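# Architecture and fold: a report
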Amino acid sequence: MNGKSKQFNLVLLLATVSLVWLVVVGGCKKSEPEGPTVTVPKVDTVTAVAGEQTMCPVMGGAIDKNIFVEYKGKKVYFCCAACKEKFEAEPEKYLAKLPQFKL
Ligand SMILES: [Zn+2]
């Protein structure tokens, strides 16, 4: 009887030790990816937003993504069809207001 209960205690002790070890290792794994992933994507999003057009170059209103022309391979969006016509008549006049042509 005594020998059996001692063996049982040893198994319990081993199980507890391995559980603690798993928690410690799991905790280490959790903290590892936090460092590099937090800082890297911020740079990418800033550059992507900087080149994105949000305002009509003619009237300065909010753009309608259904109204656009392709100029020099890039899409230029407008707030209404009248602005699109004005841009097509004199595109150079409005290029300074377009972030996608400021590069
Ligand atoms: Zn307009």
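Residues numbered from 1 in each chain as written. Predicted model: local features only at pLDDT ≥ 70, side-chain atom pairs only at ≥ 80, totals over all residues. Heavy atoms only, no water.

Check the secondary structure of the protein chain and you find 4 helices and 2 strands. The order of α-helices and β-strands along the protein chain, N terminus first, is α-α-β-β-α-α. Counting all 103 residues of the protein chain, 18% fall into the buried class. Considering only contacts within the protein chain whose residues lie at least 6 apart along the sequence, 31% involve residues at least 24 apart. Total accessible area on the protein chain stands at roughly 8300 Å², and carbon and sulfur atoms take up 65% of it. (Helix = DSSP H or I, 4+ residues; strand = E, 2+ residues; numbered from the N terminus. Buried < 20%, exposed > 50% of the residue type's maximum accessible area, 1.4 Å probe, protein only. Contact = heavy atoms within 4.5 Å. Areas by Shrake-Rupley, 256 points an atom, 1.4 Å probe, with all protein chains shown as cover.)

At 2.1 to 2.3 Å from the zinc ion lie its protein donor atoms, namely Cys79 (SG), Cys80 (SG) and Cys83 (SG). Expressed as a motif, the donor residue spacing for the zinc ion is C-C-x2-C. (Donors = N, O, S within 2.8 Å, 3.2 Å for Na, K, Ca; no water.)

Looking at the protein chain as a whole, the pLDDT averages 80, with 71% of positions reaching at least 70. Element-level pLDDT for the protein chain is lowest in helix α2 (residues 34-50), with a mean of 50, against a maximum mean of 98 in helix α3 (residues 81-89). Scored below 50 in pLDDT, residues 42-48 makes 0 contacts in the model with residues more than four places away or belonging to other chains. (pLDDT = per-residue confidence, 0-100.)

Below, the discussion takes up the side chain of Gln53. Considering the arrangement of structural elements, one finds Gln53 in the loop between α2 and β1 (64-71). You can call Gln53 buried: its relative accessible area is 5%. At 3.0 Å, the side chain of Gln53 and the backbone oxygen of Met55 are in polar contact. Looking at Gln53, its side chain comes within polar contact range of the main-chain oxygen of Tyr77, at 2.6 Å. In this structure Gln53 touches Ile63, Lys75, Val76, Tyr77, Leu98, Pro99 and Gln100, once residues within four positions along its chain are discounted. (Polar contact = N/O pair within 3.5 Å; in protein donor to acceptor, adjacent residues only side chain to side chain.)

Per the stated rule, a full pass over the model turns up 5 aromatic pairs. Considering the side-chain rings of Phe87 and Tyr94, the 6.2 Å spacing of their centres and the 35° angle between planes classify their relative orientation as tilted. For the residue pair Phe87 and Tyr94, the accessibility class agrees, reading buried in each case. Pairwise contacts between aromatic rings join Tyr71, Phe78, Phe87, Tyr94 and Phe101 into one cluster. Stacked on the ring of Tyr77, the Lys or Arg Lys65 has its end atom at 4.9 Å from the ring centre. The positively charged end of Lys74 is found above the aromatic ring belonging to Phe101, 5.6 Å away from the centroid. (Phe/Tyr/Trp six-rings, centres within 6.5 Å; stacked < 30°, edge-to-face > 60°. Lys NZ or Arg CZ within 6 Å of the ring centre and 35° of its normal.)

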